[in-house]
Amino acid sequence: MTRVLGAALRKARLSANLTQEELAFRSGLSRNYVSLLELGEKSPTVATLMRLCKPLGVRASALILAIERKSAR
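Please read these numbers as outputs of a predicted model, since none were measured by experiment.

This brings us to the overall build of the protein. Helix and strand content of the protein: five helices and zero strands. The principal-axis extents of the C-alpha atoms in the protein amount to approximately 35 × 25 × 20 Å. Of all 73 residues assigned to the protein, the portion counted as buried reaches 37%. Restricting to contacts in the protein with at least 6 residues of sequence separation, those with at least 24 account for 55%. Looking at charge distribution, the protein has the averaged site of its 13 positive side-chain charges lying 5 Å from that of its 5 negative ones.

Tracing the backbone through its elements, the reader meets R13 in helix α1 (residues 2-15). Polar contacts involving the side chain of R13 include one to the main-chain carbonyl oxygen of L18, which spans 2.9 Å.

With that settled, consider the pattern of salt bridges. Applying the stated criterion to the full structure yields two salt bridges. Two residues, R13 and E38, come together in a salt bridge whose shortest N-O distance is 2.5 Å. Taken together, the residues R13 in helix α1 and E38 in helix α3 (residues 31-38) connect sequence positions 25 residues apart. A residue is classified by how much of its surface remains accessible, and R13, at 7% relative accessible area, is buried. Across the pair E21 and R31 runs a salt bridge, and its minimum N-O distance is 3.9 Å. With a gap of ten residues between them, E21 in helix α2 (residues 20-27) and R31 in helix α3 connect regions that are remote in the sequence. Classification of E21 as partly exposed rests on a relative accessible area of 47%. By relative accessible area, R31 is classed as partly exposed at 34%.

What follows concerns α1. Side chains that are three or four residues apart share a direction in an α-helix, a result of its 3.6 residues per turn. For α1, with 14 residues, the first-to-last C-alpha span of 20 Å sits near the 20 Å given by 1.5 Å per residue. Along α1, the residues that are buried comprise L5, G6, A8, L9, A12 and R13. Relative to the axis of α1, the buried residues are bounded by an arc of 165 degrees and lie together on one face. In α1, the exposed positions that point more than 90 degrees away from the buried face belong to R3, K11 and S15. Check the buried side of α1 and you find it contacts α2, α3, α4 (46-56) and α5 (60-71). The positive-phi residue at the C-terminal boundary of α1 is N17, with phi of around 55 degrees.

Cut-off values and rules
Residues numbered from 1 in each chain as written. Predicted model: local features only at pLDDT ≥ 70, side-chain atom pairs only at ≥ 80, totals over all residues. Heavy atoms only, no water. Helix = DSSP H or I, 4+ residues; strand = E, 2+ residues; numbered from the N terminus. Buried < 20%, exposed > 50% of the residue type's maximum accessible area, 1.4 Å probe, protein only. Contact = heavy atoms within 4.5 Å. Lys, Arg positive; Asp, Glu negative; His and termini not counted. Charge placed at Lys NZ, Arg CZ, Asp CG, Glu CD. Polar contact = N/O pair within 3.5 Å; in protein donor to acceptor, adjacent residues only side chain to side chain. Salt bridge = Lys/Arg side-chain N within 4 Å of Asp/Glu carboxyl O. Expected span 1.5 Å × (residues − 1). Arc of directions from axis to C-beta.

Structural data, given as structure tokens:
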């Protein structure tokens, strides 16, 4: 599940034309943590997910829905 979330975060980040560094800065997180999330090595809390979604320009609910759909396959 964390790998699916990581892939969805990476896709959203690339769609927003942000580097990991830019996303980390805008969300108040470290670049290393963003990288670990995208690799599926870490799983964010709901609060962290909300912090990430704001600079990505996506709703957390839309991101979770995409993850649910991909996991159901």
